[in-house]
Amino acid sequence: MSRAPQWQETPTQVHPARAYIAYVLVCFGPSLLSVGLLAGWSTLTGHRISLLWSFLALMTVRQFTIGVVTLLYHRGICHRTLTLHPMLEYTLRVWGWLAMAIGTRTWSLTHRVHHAHADTERDVHSPVTEGHSLWTIGRQSIQSVIQTREDTTLIARLGTDLPSDRLEHLIEWDCRRNFGMTGVRFPIVITVLTSIWWATGLPLWVAIGAAVASLPGINLSVFASTVFLVNGVAHTWGYRNYEGLDNSTNVVPIDLFGMGEAMHNNHHARPGSANLAHRPGEVDIGFWLAKQLKKVGLVRKLKSSPSGMPGRADST
Ligand SMILES: [Zn+2]
Ligand SMILES: [Zn+2]
């Protein structure tokens, strides 16, 4: 099915206030949940834990991982709108696996199916077809990953160009073990987090508890910003620069915490462009970062097709 995006001189508004509220909750909620758990653990054990530094550290890790999702998984490997330096790409694939329990191949296949059938009965995740609750969106997204992972014909149809090396096979093997919970990923994550807390001077048993309390800020925060925000809110509330294709929306025009991913309507209209900001006033931090990385040789190719604004061309 081919649907042509039609540029709107005046954007279509779809409950923008709800979009802003959802954006803030999704971006900050999981890190604040971790801080709350750390505060409780600190009180219970009598050992001082700096909540401010914890929050800043968790948000920094979250932001870094969102950068990995948008530049490597999404714009890089899935849509091939940019190419990272091979060493950087390999390192970030390991980071993405530990933080998100999914490899670039499965992620890209699932996302390519979504683009091919967005908001139709054949879409693997869409709040339009099954409902807008967080539970439904989360369940659909997890099921779509499992479905994609097991569908061997999909690789031949949509994924012959995707990574298929030893690392990718290790990640897929591990993710089949309850997303690494009973494999190797979860023990690695807990060991690393415990070591970091232990290095701050906490006794080992307190450090283990602090590591567990940190998990929402590390893992759930990325799940929330990819699944709840992009798969859910960005197909429900916000505004549309383009009509005529699907139910996708831009959640906010200045997307610092989603690094551009919240401008999802722009992306659905032009998936072949690395630049997700199409209207004056829109800010895509991910694209800006890609341009900086290109200057120092860490990004090699950067594709950016003309934006939705007539007569306006993107720079690379
Ligand atoms: Zn979408
Ligand atoms: Zn995409």
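Throughout, residues of each chain are indexed from 1 in the direction in which the sequence is written. The order in which chains are written sets their letters, starting at A; the order in which ligands are written sets their numbers, starting at 1. In keeping with the model being predicted, local features are shown solely for residues with a pLDDT of at least 70 and side-chain atom pairs are shown and tallied solely at 80 or more, while totals for entire chains, interfaces and linings include all residues.

Caption draft 1: Representation of the overall build of the protein within the structure. Every helix listed is a DSSP run of H or I at least four residues long, and every strand listed is a run of E at least two residues long, numbered separately from the N terminus. Across its full length, the protein carries twelve helices and six strands. For the protein, whose C-alpha radius of gyration is 20 Å, the value lies close to the compact-globule estimate of 20 Å for 316 residues. Seen through its C-alpha atoms, the protein measures out along the principal axes to roughly 60 × 45 × 45 Å. Within the protein, contacts between residues at least 6 apart in sequence are counted, and of these 67% link residues at least 24 apart. All radius of gyration figures rest on C-alpha atoms, and the globule criterion is 2.2 Å times the number of residues raised to 0.38. The contact criterion used here is simple: two residues whose C-beta atoms, placed from the backbone, lie within 7 Å are in contact.

Caption draft 2: Structural context of the nonpolar core. For this analysis, nonpolar core means a set of buried Ala, Val, Leu, Ile, Met, Phe, Trp, Tyr and Cys residues linked through C-beta atoms within 7 Å. Exposure classification rests on a simple neighbour count of other C-beta atoms within 10 Å of a residue's own: a residue reaching 20 or more is buried, one at 12 or fewer is exposed, and one in between is partly exposed. C-beta atoms are placed from the backbone. Ranked by size, the top nonpolar core spans 51 residues in total, and within it Tyr23, Val26, Leu229, Val233 and Val251 carry the most contacts. Sort the elements by how many residues they give to this core and helix 2 (residues 51-78) lands first, with nine residues. Excluding anything up to four places from it in sequence, Tyr23 contacts Leu229, Val233, Val251, Val252 and Ala262. Counting ten residues, the second-largest nonpolar core is a separate cluster that includes Val35, Leu38, Leu193 and Leu202.

Caption draft 3: Structural context of the confidence of the model for the protein. Confidence along the protein averages 92 in pLDDT terms, with 95% of residues attaining 70 or more. What pLDDT conveys is the predictor's confidence in a given residue, as a value from 0 to 100. With pLDDT under 50 throughout, residues 306-316 is counted as low confidence; its partners more than four residues away or in other chains account for 21 contacts.

Caption draft 4: A look at unusual backbone geometry. Backbone geometry at His15 places phi at a positive 45°, although glycine is not the residue there. Along the chain, His15 falls in the loop between strand 1 (6-14) and helix 1 (16-45). The residue Ala101 is not glycine, and still its phi comes out positive at about 60°. Turning to its location among the elements, Ala101 is positioned in the loop between helix 3 (86-100) and helix 4 (104-116). Owing to 22 C-beta atoms within 10 Å, Ala101 belongs among the buried residues under this scheme.

Caption draft 5: Highlighting the packing of helix 9 (residues 185-199) against helix 10 (residues 204-232). Axis angles are defined between N-to-C directions and span 0 to 180 degrees, where every axis is a line fitted to C-alpha atoms and, for a helix, only to the segment in contact. Where helix 9 contacts helix 10, the axes come no closer than 8 Å and their chain directions differ by 125°. With respect to helix 10, the element helix 9 is oriented oblique. At the point where helix 9 passes helix 10, the crossing takes the right-handed sense. Each of Ile190, Leu193, Thr194, Trp197 and Trp198 in helix 9 lies in contact with helix 10, whose residues at this interface are Leu204, Ala207, Ile208, Ala210, Ala211 and Ser214. Under the convention adopted here, Pro, Cys and the residues Ala, Val, Leu, Ile, Met, Phe, Trp and Tyr are nonpolar, Asp, Glu, Lys and Arg are charged, and Gly plus all remaining residues are polar. For the contact of helix 9 with helix 10, the per-class residue count stands at nine nonpolar, two polar and no charged. By the definition adopted for this analysis, an angle is roughly parallel if under 35 degrees, roughly antiparallel if over 145, roughly perpendicular if from 65 to 115, and oblique otherwise. Each crossing gets its hand from how the near helix is turned against the far one by less than a right angle, where anticlockwise is left-handed and clockwise is right-handed.

Caption draft 6: Seen up close, helix 8 (residues 166-175). Residues Ile171, Asp174 and Cys175 constitute the buried set of helix 8. One side of helix 8 holds all its buried residues, which, seen down the axis, span an arc of 95°. Directions drawn from the helix axis to the C-beta atoms are what define this arc.

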